[in-house]
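Here is what each chain is made of, one letter per residue.
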Amino acid sequence: MVYYLNEVELKYLTLNLRPATRINPVPEDLRGWNWHSPPIKPYYDVKLPMYLICGNYCPSGRDVYLAMVEKVKGEEEFPLILGKCIHSALAEAVRQAKRLNFDSKPPEFEDERIDKAVKLVWEYTITACKSAFLRTRGEQPYASEEDIILTSMPFLIEHRLDGSLVGCSGIISVDCYDYLHNIVFDVKVGEGRGRLYTTGYALVIESIYEIPVDIGCVINLSFGDNLSITKDLHYIDANLRSKWIDERDRKAEIVFKELDPGKAGNCSRFCLYRSRCL
């Protein structure tokens, strides 16, 4: 399953990232539980969706203006549709595995590309979860079935959280939170950098539960004949937190003052509002 770390990743986590969090700890004022004080406290009384804060599809931030001020509905291209289907299938596969329905079948799609990708993710996830369950059951013969499930699949999938304390709108859906290793995950389909997403998720979790979340992992999924997975394990340090806060406040200012920042010089082909700027 994409959220399990392999041996090399676990060593990197244990011998590199964990020590880094102790040697150079996050300052208290950059923890989510200090949402009521600067700099975590939003400068403007504006609530933004996490994807607008972290997406960075538009360098100028005009996507924020169009979405929040002009109320323009974005146009979903194939990569975004594929990503939504993969996220949904991944979440459902984990739910079925936790019910021990290891023979469950994936949803079907008319688009052959999406259907093939979903089947690859589903099979990979179910197989990994089953393997972890059987291994844990063999190692803990006196544990209850519930305990085995909780320890072999320690994942909160699409965990819903209220991000309003740190300036986010509505309910935030965290791709995955590993509650045993205290890692927050963000899944990307194709190439993408999502460290701002994991940072935002960490701040939201800290603001509600008041527990430190220092480690993030961005997972990139690529599809060809087979599923390809790469992981970016990282320390959610002071620099990342400050960058997230700067992005939130910069984009909140656009909404609060209703300022059109103009077209970006290098418009992303994945931007929902690209057609409005061509």
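Residues numbered from 1 in each chain as written. Predicted model: local features only at pLDDT ≥ 70, side-chain atom pairs only at ≥ 80, totals over all residues. Heavy atoms only, no water.

Draft legend 1. Molecular detail of the environment of Pro 79. With respect to the helices and strands, Pro 79 occurs in helix 4 (residues 78-98). For Pro 79, a relative accessible area of 34% puts it in the partly exposed group. Along the backbone, Pro 79 and Ile 114 are 35 residues apart, and their C-alpha atoms lie at a distance of 9.9 Å. (Helix = DSSP H or I, 4+ residues; strand = E, 2+ residues; numbered from the N terminus. Buried < 20%, exposed > 50% of the residue type's maximum accessible area, 1.4 Å probe, protein only.)

Draft legend 2. Structural context of the pattern of salt bridges. Taken as a whole, this structure holds 20 salt bridges when the rule is applied. Across the pair Lys 231 and Glu 9 runs a salt bridge, and its minimum N-O distance is 3.5 Å. A residue pair is termed long-range when its members are at least 10 positions apart, and Lys 231 in strand 5 (residues 227-235) and Glu 9 in helix 1 (residues 7-23) qualify at 222 residues. You can call Glu 9 buried: its relative accessible area is 15%. Between Glu 206 and Arg 241 there is a salt bridge whose closest N-O contact spans 2.9 Å. Within this pair, whereas Glu 206 is found in helix 7 (residues 195-209), its partner Arg 241 is found in helix 8 (residues 238-257), the two being separated by 35 residues in sequence. Like Glu 206, the residue Arg 241 is buried in the burial classification. In this structure, a network of salt bridges that share partners links the residues Arg 31, Glu 206, Asp 214 and Arg 241. (Salt bridge = Lys/Arg side-chain N within 4 Å of Asp/Glu carboxyl O.)

Draft legend 3. Examining a nonpolar patch on the surface more closely. Residues Ile 208, Tyr 209 and Ile 211 make up a contiguous nonpolar surface patch of roughly 240 Å² in combined accessible area. The topology assignment puts Ile 208 in helix 7. Residue classification places Ile 208 among the partly exposed positions, given a relative accessible area of 33%. (Patch = residues over 30% accessible without salt bridge, like charges linked within 9 Å, V, L, I, M, F, W, Y side chains within 5 Å. Areas by Shrake-Rupley, 256 points an atom, 1.4 Å probe, with all protein chains shown as cover.)

Draft legend 4. Seen up close, empty space enclosed by the protein. Going through the model one piece at a time under the given rule, you end up with two cavities of 30 Å³ or more. Counted as a void, the largest cavity has a volume near 60 Å³. Considering only residue class, the lining of the largest cavity consists of six nonpolar, two polar and one charged. By volume, the second largest cavity is sized at about 30 Å³. Listed by contribution, the elements that provide at least two residues to the lining of the second largest cavity are helix 4 and strand 1 (155-162). (1 Å grid on protein atoms, 1.4 Å probe; cavity = no way out; pocket = protein on both sides within 12 Å on 5 of 7 lines; lining within 4 Å. Points joined across faces, edges and corners; volume = space filled by probe spheres on them. Nonpolar A, V, L, I, M, F, W, Y, C, P; charged D, E, K, R; others polar.)

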